[in-house]
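Reading the structure
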Amino acid sequence: MRSMTTTGRFITFEGGEGTGKSTQVRRLAERLRLHGFEVVETREPGGSPGAEAIRHLLLTGVAKPLGAEAEAMLFAAARDDHMTATVRPALSRGAWVICDRFIDSTRVYQGALGNVDPRLIRSLERLVVGPDMPDLTLVLDLDPNIGLTRVSKRGEGTNRFEDENLEYHKELRAAYRDIAEREPGRCVLIDADANEDVVAVRIWMAVSERLLRPLREKGERAAE
Ligand code: TYD
């Protein structure tokens with residue numbers, strides 16, 4: 001666990017397709033910068049040169065025939081490079097890291113939906129993430145009918161996971177809600193069925209409450 005006064009914070013965004021994660025990552029980063037923090041915005045799979053190379057294999061579906069277990073290991077290999085090259089160096093110099101998708105995506109897509117043994121997933125987490133778990137995970141929750149409509153309106157083409165059917169995306173949503181419920185210390189479920197500004201306010205409230213207020217309180221105490 002990072003010290004609450006001297007080092008950066010690690011925030012991850014999770015949720016199904018079209019829930020607005022990328023937009024909200026950008027907005028939160030901008031707002032934190034206005035408060036004087038150094039912020040690193042990153043994403044998974046990717047966020048470092050090695051991980052971006054693996055991203056290509058995963059999202060085009062080249063790795064799909066290998067099975068969900070192999071995909072889970074490839075996501076973990078990408079994450080390992082990302083942690084080493086990007087996340088840990090940023091946190092240790094005191095920056096805040098905001099990551100679009102992280103371990104909960106593996107738990108949900110490869111675990112809950114891909115039937116990969118949770119023991120394998122936990123072992124990979126321990127190996128790759130170790131003590132550097134997110135301080136806060138914002139789970140953006142939205143009806144997949146709305147999310148998938150947003151994705152198709154982007155007109156950017158779809159990836160191997162977005163191509164799955166509606167039932168799959170409903171199960172994804174349920175699996176994310178389940179994680180948020182089981183780990184309330186780390187996760188906050190954000191209702192993403194509202195316009196961008198409203199969702200940004202909900203996120204800011206969660207970040208203020210969970211991370212900024214404790215930081216201020218510690219700072220005040222240290223100054224006393
Ligand atoms: P991306 O284009 O970044 O989609 P999004 O904008 O929805 O984040 O693609 C990432 C895809 O990879 C997404 O469909 C979820 C999937 N994924 C996994 O299946 N497991 C993982 O561990 C991660 C990080 C992503």
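So, here's what we can say about the structure. Note that this is a predicted model, so its numbers are computed, not measured. Throughout, a residue's number is its position along its own chain's written sequence, starting from 1. Given that the model is predicted, a residue must reach a pLDDT of at least 70 before its local features are reported, and side-chain atom pairs must reach 80 or more before they are shown or counted; all residues, however, enter totals for whole chains, interfaces and linings. For the side-chain quantities, the full set of heavy atoms in the structure was used; hydrogens and water were omitted.

Things to note about the site of the ligand
Inclusion rule: Neighbouring residues are identified by heavy atoms, a residue being near a molecule or strand if any of them is within 4 Å of it. A 3.5 Å cut-off defines polar contacts: any pair of N or O atoms within that distance qualifies, except that in protein one atom must be a possible hydrogen donor and the other a possible acceptor, and neighbouring residues in sequence count only when both atoms are side-chain atoms. For the area figures, the Shrake-Rupley method with a 1.4 Å probe applies, and any residue is considered shielded solely by the protein chains shown. Buriedness of a pocket was judged along seven lines, with at least five required to meet protein on both sides within 12 Å; pockets are open sets of points on a 1 Å grid over the protein atoms alone, cavities are sets where a 1.4 Å probe fits but cannot get out, and lining residues have an atom within 4 Å of a point. If over half the atoms of a molecule are within 2 Å of the grid points of a cavity or pocket, the molecule is regarded as sitting in it. Secondary structure elements follow DSSP: runs of H or I of four or more residues count as helices, runs of E of two or more count as strands, with numbering from the N terminus.
Lining the immediate surroundings of the ligand are 15 residues, of which Glu17, Arg101, Thr106, Tyr109 and Gln110 lie closest. In this structure, Glu17 approaches the ligand through a side-chain N or O atom, which is 2.7 Å from an oxygen atom. Against a free-state accessible area of 540 Å², the protein chains account for coverage of 92% of the ligand. More than half of the atoms belonging to the ligand lie within 2 Å of the grid points that define the largest pocket. Within the residue set of the shell around the ligand, elements represented by two or more residues are helix H2 (49-60), helix H3 (68-92) and helix H4 (103-112). By residue number, the principal contributor to the shell around the ligand is H4, which donates four residues.

Observations concerning the packing of helix H6 (residues 144-154) against helix H7 (residues 166-182)
Going by this rule: Comment: axis = line fitted to C-alpha atoms, over the contacting stretch for helices; angle = value between 0 and 180 degrees taken between N-to-C directions. Crossing handedness is defined as follows: a turn of the near helix away from the far one that is anticlockwise and smaller than a right angle gives a left-handed crossing, while the clockwise case is right-handed. Here, residues are in contact when the closest pair of their heavy atoms is within 4.5 Å. Three classes are used: nonpolar for Ala, Val, Leu, Ile, Met, Phe, Trp, Tyr, Cys and Pro, charged for Asp, Glu, Lys and Arg, and polar for all others, with Gly counted as polar.
The geometry of H6 relative to H7 is characterised by a closest axis approach of 9 Å and an angle of 115° between their N-to-C directions. Regarding H6 and H7, the two cross each other, and that crossing is right-handed. Seen from H6, the contacting residues are Pro144, Asn145 and Leu148; seen from H7, they are Leu166, His169, Lys170 and Arg173. Its residues placed into classes, the contact of H6 with H7 shows three nonpolar, two polar and two charged.

Notes on the layout of surface pockets
Gaps between atoms show up when a probe of the same size as a water molecule is rolled over them. The condition that has to hold: Grid points are joined across faces, edges and corners, and a volume is the space filled by probe spheres set on the points.
A volume near 820 Å³ is recorded for the largest pocket. Taken together, 35 residues make up the lining of the largest pocket; nearest its centre are Lys21, Ser22, Asp100, Arg154 and Glu162. Those elements that place two or more of their residues in the lining of the largest pocket are helix H1 (21-34), H2, H3, H4, H6 and helix H8 (196-223). Of the residues assigned to the lining of the largest pocket, the class counts are nine nonpolar, 13 polar and 13 charged. In this model, the second largest pocket occupies a volume close to 200 Å³. Around the second largest pocket, the lining comprises 14 residues; the ones closest to its centre are Arg107, Ala112, Pro118, Arg122 and Ile179. Within the residue set of the lining of the second largest pocket, elements represented by two or more residues are H4, helix H5 (118-128) and H7.

Focus: empty space enclosed by the protein
Taken as a whole, this structure holds two cavities of 30 Å³ or more when the rule is applied. What lines the largest cavity is a set of 16 residues, and nearest its centre among them are Gly16, Thr19, Leu142, His169 and Arg173. When residues of the lining of the largest cavity are traced back to their parent elements, those giving at least two are strand E4 (136-141), H6 and H7. For the lining of the largest cavity, the class distribution of residues is eight nonpolar, four polar and four charged. Estimates place the volume of the second largest cavity at around 60 Å³.

Observations regarding the nonpolar core
Put simply, the rule reads: By convention a nonpolar core is built from buried Ala, Val, Leu, Ile, Met, Phe, Trp, Tyr and Cys residues, the set being connected through side-chain atoms within 4.5 Å. The rule is simple: take the accessible area with a 1.4 Å probe, protein chains only, and divide by the maximum for that residue type; under 20% is buried, over 50% is exposed, in between is partly exposed.
One finds Leu28, Leu32, Leu138 and Val207 to be the most contacted residues of the largest nonpolar core, which totals 24 residues. Of all the secondary structure elements, the ones that give two or more residues to this core are strand E1 (10-15), H1, strand E3 (96-100), E4, strand E5 (187-191) and H8. The element that contributes the greatest number of residues to this core is H8, accounting for eight residues. Non-local contacts of Val207, meaning those with residues more than four positions away in its chain, are made with Ile11, Leu28, Leu32, Trp96, Leu136, Leu138 and Leu212. Formed by 19 residues, the second largest nonpolar core is a distinct cluster that contains Ala78, Phe161, Leu172 and Ile179.

Geometric values such as these leave the question of function open.
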